[in-house]
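Each chain, written out:
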Amino acid sequence: MKKNLILLGMMAVGKTTIGKIVAKKQKFKFIDTDLKIEEKNSMSINEIFKKKGEKFFRMEEEKIVLNCLEKEERVISLGGGSFINKTIREKILKNAISFWLDLNIKTLTSRVLWNNKRPLLENENYKKTMLDLYNRRKNIYKLAHHKIICDKMSKGAIIKKIIKLYETY
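Residues numbered from 1 in each chain as written. Predicted model: local features only at pLDDT ≥ 70, side-chain atom pairs only at ≥ 80, totals over all residues. Heavy atoms only, no water.

Visitor: Looking at this structure, I do not really get the packing of helix 1 (residues 15–26) against helix 7 (residues 155–167). What am I missing?
Guide: The interhelical angle for the contact between helix 1 and helix 7, taken along N-to-C directions, is 50°, at an axis separation of 10 Å. One finds that helix 1 runs oblique with respect to helix 7. For the pair helix 1 and helix 7, the sense of crossing is right-handed. Contacts from Thr17, Ile18, Ile21, Val22, Lys25 and Gln26 of helix 1 reach helix 7 at Lys155, Ile158, Ile159, Ile162, Ile163, Tyr166 and Glu167. Taken together, the residues that form the contact of helix 1 with helix 7 break down as 8 nonpolar, 2 polar and 3 charged. (Axes fitted to C-alpha atoms, helices over the stretch in contact; angles between N-to-C directions. Helix = DSSP H or I, 4+ residues; strand = E, 2+ residues; numbered from the N terminus. Parallel < 35°, antiparallel > 145°, perpendicular 65-115°, else oblique. Left-handed = near helix turned anticlockwise from the far one by under 90°. Contact = heavy atoms within 4.5 Å. Nonpolar A, V, L, I, M, F, W, Y, C, P; charged D, E, K, R; others polar.)

Below you can see the structure in the form of structure tokens.
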């Protein structure tokens, strides 16, 4: 059995899009942990934040991510804040292969414009919020096994790089 392949990084970096293709190529199952949380709670992440709060969401996130990590041969796309959780991070670093997909903040910010499913960006100055989140998270993200700078890389090139690095294990 092969270790799980974990994709982490900021919202809108492309973890789900890339993850689905990597999973197909590796013949692994794909899991989007945010989607699992939504399915379990029968509501969107936005609704969970509004009705139950971020603390509840983070507790659900921890349970679901840890459960997903129990299985093998998975490509798991984490929510942007999941890797910040020390319990999740330690389990991933010990038992899986993690990839930080990094992208410049300008591109990330333009990508979230069209998506109203980002509860942490529901404020007047979403650009500043995005930059603040990125600056707080990058020092934790850099603990991942690999960092892939996605700027100026095609989707295909990112996928090839992930698979090539993963295959070295």
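Visitor: Teacher, can you tell me more about the pairing of strand 1 (residues 4–8) here?
Guide: Consecutive residues of a regular strand have side chains that alternate between opposite faces of the sheet. Burial of strand 1 is extensive: 5 of the 5 residues sit out of reach of the surface. Because side chains alternate across strand 1, one face comprises the buried residues Asn4, Ile6 and Leu8, and the other comprises Leu5 and Leu7, equally buried. Here strand 1 runs beside strand 4 (residues 96–102); their pairing, made up of 5 bridges, is parallel. Counterpart to Leu5 in the pairing with strand 4 is Ile97. In terms of strand pairing, strand 1 meets strand 3 (residues 74–77) through 3 bridges, oriented parallel. Looking across to strand 3, one finds that Leu5 is bridged to Val75. (Buried < 20%, exposed > 50% of the residue type's maximum accessible area, 1.4 Å probe, protein only. Pairing = 2+ DSSP bridges.)

Visitor: Can you help me understand the nonpolar core in this one?
Guide: Among soluble globular proteins, nonpolar side chains are generally buried collectively. Grouped together as the largest cluster of nonpolar side chains are 51 residues, with contacts concentrated most on Leu101 and Ile162. Each residue touching Ile162, except ones within four places of it in the same chain, is listed here: Leu5, Leu7, Ile18, Val22, Phe99, Leu101 and Ile148. (Core = buried A, V, L, I, M, F, W, Y, C linked by side-chain atoms within 4.5 Å.)

Visitor: Would you mind showing me how to read the packing of helix 2 (residues 33–41) against helix 3 (residues 45–69) here?
Guide: A packed helix pair is summarised by two numbers, namely the angle formed by the two axes and the spacing between the axes. Running from N to C, helix 2 and helix 3 cross one another at 115°; their axes reach a closest spacing of 9 Å. At the point where helix 2 passes helix 3, the crossing takes the right-handed sense. Where helix 2 approaches helix 3, its residues Thr33, Asp34, Lys36, Ile37, Glu38, Lys40 and Asn41 are matched on the opposing element by Ile45, Ile48, Lys52, Phe56, Phe57, Glu60, Glu61, Lys63, Ile64, Val65 and Cys68. Its residues placed into classes, the contact of helix 2 with helix 3 shows 8 nonpolar, 2 polar and 8 charged.

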